[in-house]
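Each chain, written out:
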Amino acid sequence: MLSIRISRPQILMPGLCGLSSTRLYASAHMTDNMGSAASSSGLERLHFDNVVLRRLPLDTSQEPGSRTVRGACFSRVQTQPLLKPRFVAVSAPALSLLGLDAEEVLQDKLGAEYLSGSRLLPGSEPAAHCYCGHQFGHFAGQLGDGAACYLGEVRAPLNQSPELLRDNPAGRWEIQLKGAGLTPYSRAAYIRKFTNERRP
């Protein structure tokens, strides 16, 4: 299963970025053929402004696979496409944070491709977040987004509810994929998650 997380970027301390999350679930199945469509997508209207990638140190290595990253808060990554992804469920409230209508996204021929990482949204810049911390009472050293992928930060629509902006005065939402492929912070046991589909 692949899920999308929409969060508001929140700087916790200089050089570290944290998340306060609201989730949008967009599960996708793997099937035989790569999905494609020629129509225009409403998701292409999202206005990305990826501030953290401009302001925080970026890993310059393109080396694939798990590795130690020094002196960087983010590493650029490539999402791994699914074959003919399709929606299983979406969250209308999370999509509305981006000014999108759930029914329009469900009907969008490119929607599942964009929200599975199979096709990059215009303006998105896939990256994995590097961080460190304590686990089980011991300093764990390098940690990071081993199964998550930052796609970028989207500006809230101009007509966004003042109620929503009260909790997010910066007016920005971070879009993140979960389960979109390996990153430098993936652990050895990483496997792509998927949903089981039962048919009668």
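Preceding this paragraph is the structure being described.
Only a predicted model underlies this, so the values are computations on that prediction, with no experimental measurement involved.

Some details on the overall build of the protein chain
1) Next: Of the regular secondary structure elements, the protein chain holds 5 helices and 8 strands.
2) Next: When its helices and strands are written in sequence order, the protein chain yields β-β-α-β-β-α-α-α-β-β-β-α-β.
3) Next: The buried share of the protein chain, reckoned over its 200 residues, is 48%.
4) Next: Counted over contacts in the protein chain with a minimum sequence separation of 6, partners at least 24 positions apart contribute 70%.
5) Next: If you sum the accessible surface of the protein chain, you get close to 11,200 Å²; carbon and sulfur atoms cover 53% of it.

A short note on unusual backbone geometry
Of all residues except glycine, most have a negative phi; of all peptide bonds, most are trans.
1) Next: Phi at K84 takes a positive value of approximately 45 degrees, unusual for a residue other than glycine.
2) Next: Residue classification places K84 among the partly exposed residues on the basis of a relative accessible area of 47%.

Let's talk about the pattern of salt bridges
1) Next: Counting across every chain of the model gives 9 salt bridges.
2) Next: Linking R166 and E163 is a salt bridge whose minimum nitrogen-to-oxygen distance equals 3.2 Å. Highlighted residues: R166 and E163, both in helix 5 (residues 162-167), separated by 3 residues, approximately one helical turn.
3) Next: Linked through salt bridges whose partners overlap, the residues forming this network are D49, R54, E153, R155 and R172.

Things to note about the packing of aromatic side chains
1) Next: Within the structure shown, the criterion is met by 1 aromatic pair.
2) Next: Relative to Y150, the ring of F74 has its centre 5.4 Å away and its plane inclined at 55 degrees; by these criteria the two rings are tilted. In this pair, F74 is assigned in strand 4 (residues 74-76) and Y150 in strand 7 (residues 148-155), connecting sequence segments 76 residues apart.
3) Next: Its relative accessible area of 0% is what places Y150 among the buried residues.

Section: the nonpolar core
1) Next: Core analysis: the largest hydrophobic core is formed by 29 residues, its most contacted members being L43, L46, L98, L100 and I175.
2) Next: Among the secondary structure elements, those contributing two or more residues to this core are helix 2 (92-97), helix 3 (102-107), helix 4 (111-116), strand 5 (127-135), strand 7 and strand 8 (172-178).
3) Next: Filtering out sequence-adjacent residues up to four positions away, L43 remains in contact with L100, D108, G111, Y114, L115 and L121.
4) Next: By size, the runner-up hydrophobic cluster in this structure holds 7 residues, among which are V52, C73, F74 and A127.

Details of the pairing of strand 5
1) Next: Two elements, strand 4 and strand 5, share 3 bridges in a ladder whose sense is antiparallel. When the bridges of strand 5 are listed, F74 appears paired with H129.
2) Next: In terms of strand pairing, strand 5 meets strand 6 (residues 138-144) through 5 bridges, oriented antiparallel. Residue C132 lies in a different strand from strand 6, and its bridge partner there is Q142.
3) Next: In textbook terms, the turn of a hairpin is the stretch between consecutive antiparallel strands, and for strand 5 and strand 6 this stretch comprises 2 residues, one of which, F136, has a positive phi near 55 degrees.

Calculation rules
- Residues numbered from 1 in each chain as written.
- Predicted model: local features only at pLDDT ≥ 70, side-chain atom pairs only at ≥ 80, totals over all residues.
- Heavy atoms only, no water.
- Helix = DSSP H or I, 4+ residues; strand = E, 2+ residues; numbered from the N terminus.
- Buried < 20%, exposed > 50% of the residue type's maximum accessible area, 1.4 Å probe, protein only.
- Contact = heavy atoms within 4.5 Å.
- Areas by Shrake-Rupley, 256 points an atom, 1.4 Å probe, with all protein chains shown as cover.
- Salt bridge = Lys/Arg side-chain N within 4 Å of Asp/Glu carboxyl O.
- Phe/Tyr/Trp six-rings, centres within 6.5 Å; stacked < 30°, edge-to-face > 60°.
- Core = buried A, V, L, I, M, F, W, Y, C linked by side-chain atoms within 4.5 Å.
- Pairing = 2+ DSSP bridges.

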